[in-house]
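# Structure at a glance
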Amino acid sequence: MSVKIESLQVSGTQLEICWTGTGRVARYPAVWLRDHCHSARGRNLESQQRSVDTFAIPVDLAPLSARLEAGTVYVAWPQEADESEYPVSFLEAMAEPGLWQEDRPKSLWMAADLEGGLPEVPHAAVMAEDSSGLAGWLDLVDRHGFALVTGVPATPEATEELLKWVGYIRQTILGGFWDFTANKAFADTAYSTVEIGLHTDGTYAIDSPGYQAFHCLEFDGTGGESIFVDAFKVAEDILEQDPEAFEVLASVPVPAQY
């Protein structure tokens, strides 16, 4: 059902809108309104980029009048011949209180929840030109925190091609993309055959990694399984079982180094 405006009026340097059926009144400052004008004089209609000189807007600007017509609010300004335009849907969205809320479902999991199989997508589907397989894979990553790509050719080139299909590869202190084998010359257990416990990478960095990918090209030995844990599920359980401990977890800084 479309959102409808019950009434709107100019009140000093603000525009007040009462939304139908809610009794809620939203107030829009005039400077903000002028800066977010949706008409052709306020933004490039092809690129949707704003073309308003924000610092040229008078700080004491006040609307002259406002009217609603066919799903659009029109606002008149002093010493301006043209009105500014605002889709009702835009004003309604901007009236929502608080910060942006996540509306994509997340799946917090334990091992038993994944007994039916890990989230995965075939390599051929991910690399398809229509990008539907890529979108499906990234949706699984967003939902579960991780997802596999099966059947990737066991070469660094194929792995790098897959990653670049997602986006650019971030450069880090270790490089951007690299392949390696166990090498004791590096003072890092990641380059050894020693088991590494559950951990997160790059937490010492000011711009810690977003998504990471790992591809085992060749393995000759025993063990070496990758282990994953849903840290958000762990945090949820701590919050439910020991709120004081959760407060410590959430608020006490932990120093790190590399």
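Anyway, here's the lowdown on the structure attached to this text. (Residues numbered from 1 in each chain as written. Predicted model: local features only at pLDDT ≥ 70, side-chain atom pairs only at ≥ 80, totals over all residues. Heavy atoms only, no water.)

## Section: the pairing of strand 1 (residues 5-11)
As paired strands, strand 1 and strand 2 (residues 14-19) are joined by six bridges and run antiparallel to one another. Residue pairing in the sheet places Ile5 in a bridge with Trp19 of strand 2. Here strand 1 folds back onto strand 2, and the loop between the two strands holds two residues, one of which, Gly12, carries a positive phi near 65 degrees. (Pairing = 2+ DSSP bridges. Helix = DSSP H or I, 4+ residues; strand = E, 2+ residues; numbered from the N terminus.)

## Examining the sheet that holds strand 2
Reading across from one edge, 1-2-3 is the order of the three strands in this open sheet, with antiparallel pairing throughout. The outermost strands of the open sheet, each flanked by one partner alone, are strand 1 and strand 3 (25-29). Strand-to-strand twist of the sheet, defined as the mean angle between neighbouring strand axes without regard to direction, takes the value 20 degrees. (Axes fitted to C-alpha atoms, helices over the stretch in contact; angles between N-to-C directions.)

## As for the pattern of salt bridges
Close approach of charged atoms lets side chains of opposite charge pair. Enumeration according to the criterion identifies 11 salt bridges in this entry. Of the charged contacts in the structure, one is a salt bridge between Asp35 and Arg50, with a shortest N-O distance of 2.7 Å. Remark: Arg50 occurs in the loop between helix 1 (30-35) and strand 4 (65-69) and Asp35 occurs in helix 1; sequence separation between them is 15 residues. Among the residues examined, Asp35 registers a relative accessible area of 10% and is labelled buried. Where Arg143 meets Asp139, a salt bridge forms, and the shortest distance between an N and an O atom there is 3.6 Å. (Salt bridge = Lys/Arg side-chain N within 4 Å of Asp/Glu carboxyl O. Buried < 20%, exposed > 50% of the residue type's maximum accessible area, 1.4 Å probe, protein only.)

## Some remarks on helix 6 (residues 231-241)
The periodicity of an α-helix, 3.6 residues per turn, causes residues three or four positions apart to be oriented the same way. The set of residues buried in helix 6 consists of Lys233, Ala235 and Asp237. Where helix 6 is buried, its residues contact helix 7 (243-251). Measuring from the backbone nitrogen of Phe232 back to the side-chain oxygen at the start of helix 6 gives 3.1 Å, which picks out Asp230 as the cap. (Contact = heavy atoms within 4.5 Å. Polar contact = N/O pair within 3.5 Å; in protein donor to acceptor, adjacent residues only side chain to side chain.)

## Let's talk about the pairing of strand 4
The sheet contact formed by strand 4 and strand 5 (residues 72-76) spans five bridges and is antiparallel. Paired with Ala66 across the strands is Val75, a residue of strand 5. Hairpin connection of strand 4 to strand 5: two residues between the antiparallel strands, including Ala70 at a positive phi of 50 degrees.

## Here's the deal with the packing of aromatic side chains
This model, assessed by the stated rule, comprises four aromatic pairs. Both rings, one in Phe146 and one in Phe228, keep their centres 4.9 Å apart while their planes meet at 10 degrees; by these two values the pair is stacked. Residue Phe146 is found in the loop between helix 4 (132-144) and strand 8 (148-150), and its partner Phe228 is found in the loop between helix 5 (156-166) and helix 6; the two are separated by 82 residues along the sequence. One aromatic cluster is present, built from ring pairs that chain together Tyr28, Trp32 and Phe90. (Phe/Tyr/Trp six-rings, centres within 6.5 Å; stacked < 30°, edge-to-face > 60°.)

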